[in-house]
Amino acid sequence: MGDRLQPVLAGVVTAVVGFASSFTVVLAGLRAVGASEAQAASGLLTVSVAAGICATWLGLRHRMPIAIAWSTPGAALLVATGPVPGGWPAAVGAFALCGLLIVTAGLFPALGRAVAAIPAPVAAAMLAGVLLPLCTAPVRALVEVPALAAPVIVTWLVLHRFAPRWAVPAALVAAAVVIALTTTGAGVTLGDLRPVVSPTVPAFTLPAVIGLALPLFLVTMAAQNVPGTAVLRGFGYRPPLAPALRTTGLATALGAATGGHAVNLAAITAALAAGPDAHPDPDRRWIASVTAGIGLALLGLGAGAATTLVLLSPPVLIEAVAGLALLGALAGALSSALAPAPASDPQSREAAVVTFVVTASGVSLLGVGGAFWGLLAGWLMLLLFRRRTQAPAVGLPGPQELEGNPVAGGQSRQVTGR
């Protein structure tokens, strides 16, 4: 019994932290691209259940702690993109196309290598530009609603110092408390708290495909699937990336009609299930990821209540909580984007700066958002100034690793103990 209790508890913590720390980002992103209250709640429910099913299946199938989550950077991209031509149906079509592209990356390693060919600083700069507007929300909240925002931010600061893992969930609890103290909840009914599924027939428009589907695919691959793979490798596992991409891509494509934007390998919470705190024996840690998947699916049933909480509060307050959740990701992305350029690729830093500025500006041309134009600007700059000697590709592994073959040199799995 005790042999299973530790990974089960680790899985519960993984699910709670994963859901509470970023569900506000998901709701804000879905609302930004045109979802109604019911459609946003449906989308949150969909990505929670889809991620839970994928984590359970992959964990049981491969006996590895393969944690699955929704794409938090992808949700932030939705906030930065805003409404797309064609409205919510066009956004749903973009979600479905993103899922199909992820499936394709799992079927054809060449596509994975094409994504990996994007220089790491440029990809990081695009992510930083996407995250920046949302990460400034805590400051805006202090200006617009200081009495509500101050307790939330102070709570986050204190917990971030002493218990970083619980800083965002605690800030969310603080937000719920101040909302409860400042609103009567008039008009809220029991029906508002129930799980809701709101299907939408997808539509496909060229601006949504270029400005949302492609950036969502790239952000999900570069900011979630690649780091998620690296985390598992860091703990000594050889994750079956190709099956994971096919599974999560299919779940994304199928879940798009009910509002799910993307599911993928977990990056941050992956360490909670794959590390030694989950279980001393690496071969028992898969129990933690399976438990986390079941827990996330169950928490998704509370999507209606989570959406109601968001609707009762000033929008900037919930955006502030979302921004606090993404500050670490922003710092990491900026650090990667602005790191000294290698001698083999001296223009990558300048290209990253251009990408960041264009993306963060929020410029929109022909109905296409800044993320695409920022990536394009950085890529074109590299094409103009890069030397003939190409920098080594950084990102997805090659076809041997995609198929789950042993790493180079045939080394057996060694657990790092980190």
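So, how was this worked out
- Residues numbered from 1 in each chain as written.
- Predicted model: local features only at pLDDT ≥ 70, side-chain atom pairs only at ≥ 80, totals over all residues.
- Heavy atoms only, no water.
- Helix = DSSP H or I, 4+ residues; strand = E, 2+ residues; numbered from the N terminus.
- Contact = heavy atoms within 4.5 Å.
- Areas by Shrake-Rupley, 256 points an atom, 1.4 Å probe, with all protein chains shown as cover.
- Phe/Tyr/Trp six-rings, centres within 6.5 Å; stacked < 30°, edge-to-face > 60°.
- Buried < 20%, exposed > 50% of the residue type's maximum accessible area, 1.4 Å probe, protein only.
- Lys NZ or Arg CZ within 6 Å of the ring centre and 35° of its normal.
- Polar contact = N/O pair within 3.5 Å; in protein donor to acceptor, adjacent residues only side chain to side chain.
- 1 Å grid on protein atoms, 1.4 Å probe; cavity = no way out; pocket = protein on both sides within 12 Å on 5 of 7 lines; lining within 4 Å.
- Points joined across faces, edges and corners; volume = space filled by probe spheres on them.
- Nonpolar A, V, L, I, M, F, W, Y, C, P; charged D, E, K, R; others polar.
- Axes fitted to C-alpha atoms, helices over the stretch in contact; angles between N-to-C directions.
- Parallel < 35°, antiparallel > 145°, perpendicular 65-115°, else oblique.
- Left-handed = near helix turned anticlockwise from the far one by under 90°.
- pLDDT = per-residue confidence, 0-100.
- Core = buried A, V, L, I, M, F, W, Y, C linked by side-chain atoms within 4.5 Å.
- Expected span 1.5 Å × (residues − 1).
- Bend = angle between axes of the 7 residues up to and from the residue.

### Notes on the overall build of the chain
Here's step 1: Check the secondary structure of the chain and you find 18 helices and two strands.
Here's step 2: The long-range fraction of contacts in the chain, counting pairs at least 24 apart against all pairs at least 6 apart in sequence, stands at 84%.
Here's step 3: Accessible surface computed for the chain: about 17200 Å², of which carbon and sulfur atoms make up 69%.

### Regarding the packing of aromatic side chains
Two aromatic rings, taken as a pair, are described by how far apart their centres are and by the angle between their planes.
Here's step 1: Throughout the structure, instances matching the rule amount to three aromatic pairs.
Here's step 2: Relative to F23, the ring of F19 has its centre 5.3 Å away and its plane inclined at 20 degrees; by these criteria the two rings are stacked. Residue F19 and its partner F23 are located together in helix α1 (residues 2-32), separated by four residues, close to a single helical turn. Across the pair, exposure class does not vary: F19 and F23 are buried alike.
Here's step 3: Pairing F19 with W70 gives two aromatic rings, centres 5.7 Å apart and planes at 65 degrees, and the pair type is edge-to-face. With F19 in helix α1 and W70 in strand β1 (residues 68-70), the pair connects residues that are 51 residues apart, well separated along the chain.
Here's step 4: One aromatic cluster in this structure is built from F19, F23 and W70.
Here's step 5: Above the face of the W286 ring, R63 is positioned so that its terminal group lies 4.3 Å from the ring centre.

### Some thoughts on unusual backbone geometry
Here's step 1: Notably, R63 is not glycine yet its phi reads approximately 55 degrees, a positive angle.
Here's step 2: Here R63 shows up in the loop between α2 (37-62) and β1.
Here's step 3: Residue R63 is classed as partly exposed on the basis of its relative accessible area of 44%.

### Considerations on the side chain of N225
Here's step 1: You can see N225 is positioned in helix α10 (residues 206-234).
Here's step 2: A residue is classified by how much of its surface remains accessible, and N225, at 1% relative accessible area, is buried.
Here's step 3: Other than its neighbours up to four places away in sequence, N225 contacts T220, L245, N264 and L265.

### Details of the side chain of Q39
Here's step 1: The residue Q39 is located in helix α2 in this model.
Here's step 2: Judged by its relative accessible area of 16%, Q39 falls in the buried class.
Here's step 3: Among the polar contacts made by the side chain of Q39, one reaches the main-chain amide nitrogen of S36 at a distance of 2.8 Å.
Here's step 4: With residues near it in sequence (within four places) discarded, Q39 still touches G34, W88, S198, T200 and T258.

### Here's the deal with empty space enclosed by the protein
Here's step 1: Taken as a whole and assessed by the stated rule, the structure comprises one cavity of 30 Å³ or more.
Here's step 2: Within this model, the largest cavity holds a volume of roughly 40 Å³.
Here's step 3: Surrounding the largest cavity, T46, V47, A50, A251, T252, G255, G260, H261, A262 and V263 form its lining.
Here's step 4: Looking at the lining of the largest cavity, the elements that each hand over two or more residues are α2 and α11 (241-255).
Here's step 5: Each residue belonging to the lining of the largest cavity can be placed in one class, and the counts come to five nonpolar, five polar and no charged.

### Some thoughts on the packing of helix α16 (residues 348-361) against helix α17 (residues 370-385)
Here's step 1: One can describe the packing of α16 onto α17 by two numbers: an axis separation of 8 Å at closest approach and a directional angle of 160 degrees. Relative to α17, the element α16 lies roughly antiparallel. You can see that α16 and α17 cross each other, and the crossing is right-handed. Across from S348, E350, A351, V354, T355, V358 and T359 in α16, the residues of α17 making contact are G370, A371, W373, G374, L375, A377, G378, M381 and L382.
Here's step 2: Split by residue class, the contact of α16 with α17 holds nine nonpolar, six polar and one charged.

### A closer look at the confidence of the model for the chain
Here's step 1: On average, residues of the chain score 82 in pLDDT, and 85% of them are at 70 or above.
Here's step 2: Mean pLDDT across the elements of the chain ranges from a minimum in helix α18 (residues 399-402), with 44, to a maximum in helix α4 (residues 87-107), with 96.
Here's step 3: pLDDT under 50 marks residues 393-418. Its contacts with residues more than four places away, or in other chains, come to 48 contacts.

### Regarding the packing of helix α6 (residues 120-135) against α10
Here's step 1: Where α6 contacts α10, the two axes come as close as 10 Å, and the packing angle between them is 110 degrees. Of the possible angle classes, the one that applies to α6 and α10 is roughly perpendicular. The two elements α6 and α10 meet at a crossing, and its hand is left-handed. Along its contact with α6, which presents A123, M126 and L127, the element α10 presents L218, V219, A222 and A223.
Here's step 2: Looking at the contact of α6 with α10 residue by residue, the class counts come to seven nonpolar, no polar and no charged.

### Some remarks on the nonpolar core
Here's step 1: Of all hydrophobic cores here, the largest spans 103 residues; its most connected members are F23, L44, I68 and F95.
Here's step 2: Per-element tally for this core: the top contributor is α4, with eleven residues.
Here's step 3: Beyond its immediate chain neighbours, meaning those up to four positions away, L44 contacts F19, F23, V26, L27, L30, W70, A303 and A306.

### Focus: α10
Here's step 1: Given a rise of 1.5 Å per residue, 29 residues ought to cover 42 Å, and the 40 Å separating the end C-alpha atoms of α10 matches this to within 8%.
Here's step 2: At M221, α10 is deflected by roughly 35 degrees, the largest bend along its length.
Here's step 3: Backbone geometry just downstream of α10 places G236 in the positive-phi region, at approximately 95 degrees.

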